[in-house]
Amino acid sequence: MRRLRNIGRLFTGTPAGVVPDAAVICDGEEIAWCGKHGDEPRDLMESVVEEHDCMGGLVTAGLIDAHTHPVYAGDRMAEVAMRSAGASYSEVAKAGGGIRATVKATRDEPIADLEQDSSVKALVLAGAGERAFSAGQDLDGAATTIEAKTGYHLQHDGELEAVRLLARLGRRVDLPRIEVTFLAAHALPPDRWARMGAYAKQVGEWCGEAHIAGARFCDVFCDRGYFSVAQSRSILKAGLEAKLIPRVHADELARTGGAQLAAELHAVSADHLLRANRSDAFALARAGVVATLAPGTALSIGKLPPVKDLIDAGSVIALGTDHNPGTSGITSMSVVVALAVAVFKMSVERALTAATLGGAYSLSRSDRGVVAAHKLADLVLWEAEHEGAFAWAYGLKPRVVWLRGAQVFA
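Bear in mind the structure is a predicted one, so any value in this text is a computation, not a measurement.

Asker: Would you explain the overall build of the protein chain in this entry?
Answerer: Across its full length, the protein chain carries 17 helices and 16 strands. Whereas a compact globule of 410 residues would reach a radius of gyration of roughly 22 Å, the protein chain reaches 21 Å, a difference of no more than 12%. Dimensions of the protein chain, computed from C-alpha atoms along their principal axes, come out at roughly 70 × 45 × 45 Å. When burial is assessed residue by residue, the protein chain has 59% of its 410 residues classed as buried. For the protein chain, the proportion of contacts with a sequence separation of at least 24, taken over those separated by at least 6, is 69%. Accessible surface, the protein chain as shown: approximately 15600 Å² in total, 51% of it carbon and sulfur. One way to put it: in the protein chain the 43 positive side-chain charges average out to a point 5 Å from where the 49 negative ones average out.

Rendered as structure tokens:
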């Protein structure tokens, strides 16, 4: 067993709230006990063989990045410049940019190179920037669980190979836990013969193979210019039949009914929601659908989701970097927490809860996201003594990250 002692503030994410002068005892991959320093059970203390002095620092559960797109090749910096000059998402796509611009580069990339590049991205998201890039990125991230989507092949073999790639990465003990999402319904393929209706039908037929390959979730970009509500419903129902849990890219570019579809199907998550309204917020809350928000993408597109309405409705909110080649290069969940406070006007406590427990709900996982007995020993010691530092530092650095109970980054 390992004991973390001299914790200045333990942000538990539970009704216990913040415990000052705390300690945590880990038994392998699980938390055995947490609470006030000095209250440790004697029988557990007799089994402790390793100690870590947290030197009065802040400890939280590992952050959960509930929305990423890490399997891609190439970049789209030219279109980022276009958007900065006033071009809309749709205008960029019509000019040959957007999701389909990444597809050719990704299809051309050998799968081994994609796997290596995706593992590097996972390490950076987890906080191992210096280990991942010899050029020397700063330590950031601190995500111990990452939701990761396919979606840049838009063809049968490539999408399924991307699922298998992510599943392999998810079995590596040196990487964060990876939750795999099948997102073949990301856009219309760039192939000349592609038609949206026919392609949507094909994606539905691939869902069973995606589940066998290692996917837990099925996602659809339900929006103007992409998949209609009817097409999205058909794909997600096929996913359900294949034992894939539904998620929805909903109402990001226009209010086309994606949020209402997520509520109808009791999807685990509706993501982005930039054009959703108050009635959508209440529909999601009633259906128990988590609202997974990406402040970096909201800033990039220039539209904010109805956060106050979601809070008023009682929706669970999760956060994600939405790391992707076009609209968000963010790799740090601590930056996302800071942006949620500054841009979404969430309190630090609410934003940090969204980045931990909210993410666990978004991924339908009850074993993580809080610091409590019998939960996973995924923990972070921060370069701070108080959680308020998240809103001040804009990229608060982790001092130590424990994953599966083992110290992995320091």
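The discussion continues.
Asker: Could you clarify how one ought to interpret the environment of Ala101 in this entry?
Answerer: Tracing the chain through its elements places Ala101 in helix H4 (residues 99–108). The class of Ala101 is partly exposed, set by a relative accessible area of 33%. For the pair Ala101 and Pro190, spaced 89 residues apart in the sequence, the C-alpha separation amounts to 8.4 Å. The residues contacting Ala101, other than those within four sequence positions of it, are Arg76 and Gly96.

Asker: Please explain H4 as it appears in this structure.
Answerer: Given 3.6 residues per helical turn, the α-helix brings residues three or four places apart onto the same face. Of the positions making up H4, those classed as buried are Ile99, Thr102, Val103 and Thr106. End-on view of H4: buried residues confined to an arc of 115 degrees, all on one side of the axis. Of the residues in H4, the exposed ones pointing more than 90 degrees away from the buried face are Lys104 and Asp108. Along its buried surface, H4 packs onto helix H3 (89–94), helix H5 (111–126) and strand S9 (217–222).

Asker: Teacher, can you tell me more about the pattern of salt bridges here?
Answerer: Think of it this way: side chains of opposite charge can pair up when their charged atoms draw near. The tally for this structure, following the rule as stated, stands at 30 salt bridges. Glu51 is the partner of Arg5 in a salt bridge, and the nearest nitrogen-oxygen pair spans 3.4 Å. Of the two residues, Arg5 is situated in strand S1 (residues 2–11) and Glu51 in strand S4 (residues 50–53); the sequence distance between them amounts to 46 residues. The partner of Glu264 in a salt bridge is Arg233, and the shortest N-O contact between them spans 2.9 Å. Here Arg233 lies in helix H9 (residues 229–241) and Glu264 lies in helix H10 (residues 258–264), a separation of 31 residues in the sequence. The partly exposed category is assigned to Arg233, whose relative accessible area is 25%.

Asker: It is not clear to me how the state of the cysteines should be interpreted in this structure. Could you clarify?
Answerer: What we call a disulfide is simply a covalent bond connecting the sulfur atoms of a pair of cysteines. Inspection of the entire model under this criterion finds zero disulfides. Looking at the unpaired Cys54, the closest cysteine sulfur is the one in Cys26, lying at 9.7 Å. Of the cysteine sulfurs around Cys218, a residue in no disulfide, the closest is that of Cys207, at 4.1 Å.

Asker: Could you clarify how one ought to interpret the packing of helix H8 (residues 196–213) against H9 in this entry?
Answerer: Two quantities define a packed helix pair, namely the angle between the axes and the distance from one axis to the other. Put simply, H8 and H9 touch, their axes get as near as 8 Å, and they point 15 degrees apart. On the basis of their axis angle, the class for H8 and H9 is roughly parallel. Helix-helix and strand crossings are classified by hand; for H8 and H9 the assignment is right-handed. On H9, the residues that touch Met196, Gly197, Ala200, Val203, Gly204 and Cys207 of H8 are Gln231, Ile235, Ala238 and Gly239.

Asker: Whenever I open this one, the sheet that holds strand S13 (residues 317–319) confuses me. Can you help?
Answerer: Consider a sheet: its strands pair through backbone hydrogen bonds, and that pairing is either parallel or antiparallel. Spatially, S6-S7-S8-S9-S10-S11-S12-S13 is the arrangement adopted by the eight strands of the open sheet, whose pairing is parallel. Every interior strand has two partners, whereas the edge strands, strand S6 (63–65) and S13, have only one. Taken over all neighbouring pairs, the strand axes of this sheet differ in orientation by 25 degrees on average, direction set aside. As judged from the three bridges shared by strand S11 (residues 269–272) and strand S12 (residues 290–293), these two strands associate in the parallel manner. Within S12, the residue paired with Asp271 across the bridge is Thr292. Its contacts with the sheet place H8 against strand S8 (177–185) and S9, and it is angled at close to 150 degrees to S8.

Asker: What's the story with the packing of aromatic side chains in this structure? I'm lost.
Answerer: One pair of aromatic rings is described through two measures. These are the centre distance and the angle between the planes. Under the criterion given, the structure shown has five aromatic pairs. Judged by centre distance (6.3 Å) and plane angle (75 degrees), the ring pair of Tyr72 and Tyr152 falls under edge-to-face. Here the residue Tyr72 occupies a position in the loop between S6 and helix H2 (77–84), and Tyr152 occupies one in the loop between strand S7 (143–149) and helix H7 (156–170), the gap between them amounting to 80 residues. Owing to a relative accessible area of 2%, Tyr152 belongs among the buried residues under this scheme. Measuring from centroid to centroid gives 6.3 Å for Tyr199 and Phe227, while their planes differ by 40 degrees, and the two rings are tilted. On the criterion of sequence distance, the pair formed by Tyr199 in helix H8 and Phe227 in the loop between S9 and H9 is long-range, its members being 28 residues apart. Take Tyr199: its relative accessible area is 4%, and that puts it in the buried class. We classify Phe227 as buried; its relative accessible area is 0%. A cation over a ring is seen here: Lys121 above Tyr72, with NZ or CZ 3.8 Å from the ring centre. Over the ring of Phe217 we find Arg247; its NZ or CZ atom is 4.8 Å from the centre of that ring.

Thresholds applied
Residues numbered from 1 in each chain as written. Predicted model: local features only at pLDDT ≥ 70, side-chain atom pairs only at ≥ 80, totals over all residues. Heavy atoms only, no water. Helix = DSSP H or I, 4+ residues; strand = E, 2+ residues; numbered from the N terminus. Rg over C-alpha atoms; globule rule 2.2 N^0.38 Å. Buried < 20%, exposed > 50% of the residue type's maximum accessible area, 1.4 Å probe, protein only. Contact = heavy atoms within 4.5 Å. Areas by Shrake-Rupley, 256 points an atom, 1.4 Å probe, with all protein chains shown as cover. Lys, Arg positive; Asp, Glu negative; His and termini not counted. Charge placed at Lys NZ, Arg CZ, Asp CG, Glu CD. Arc of directions from axis to C-beta. Salt bridge = Lys/Arg side-chain N within 4 Å of Asp/Glu carboxyl O. Disulfide = S-S within 2.5 Å. Axes fitted to C-alpha atoms, helices over the stretch in contact; angles between N-to-C directions. Parallel < 35°, antiparallel > 145°, perpendicular 65-115°, else oblique. Left-handed = near helix turned anticlockwise from the far one by under 90°. Pairing = 2+ DSSP bridges. Phe/Tyr/Trp six-rings, centres within 6.5 Å; stacked < 30°, edge-to-face > 60°. Lys NZ or Arg CZ within 6 Å of the ring centre and 35° of its normal.

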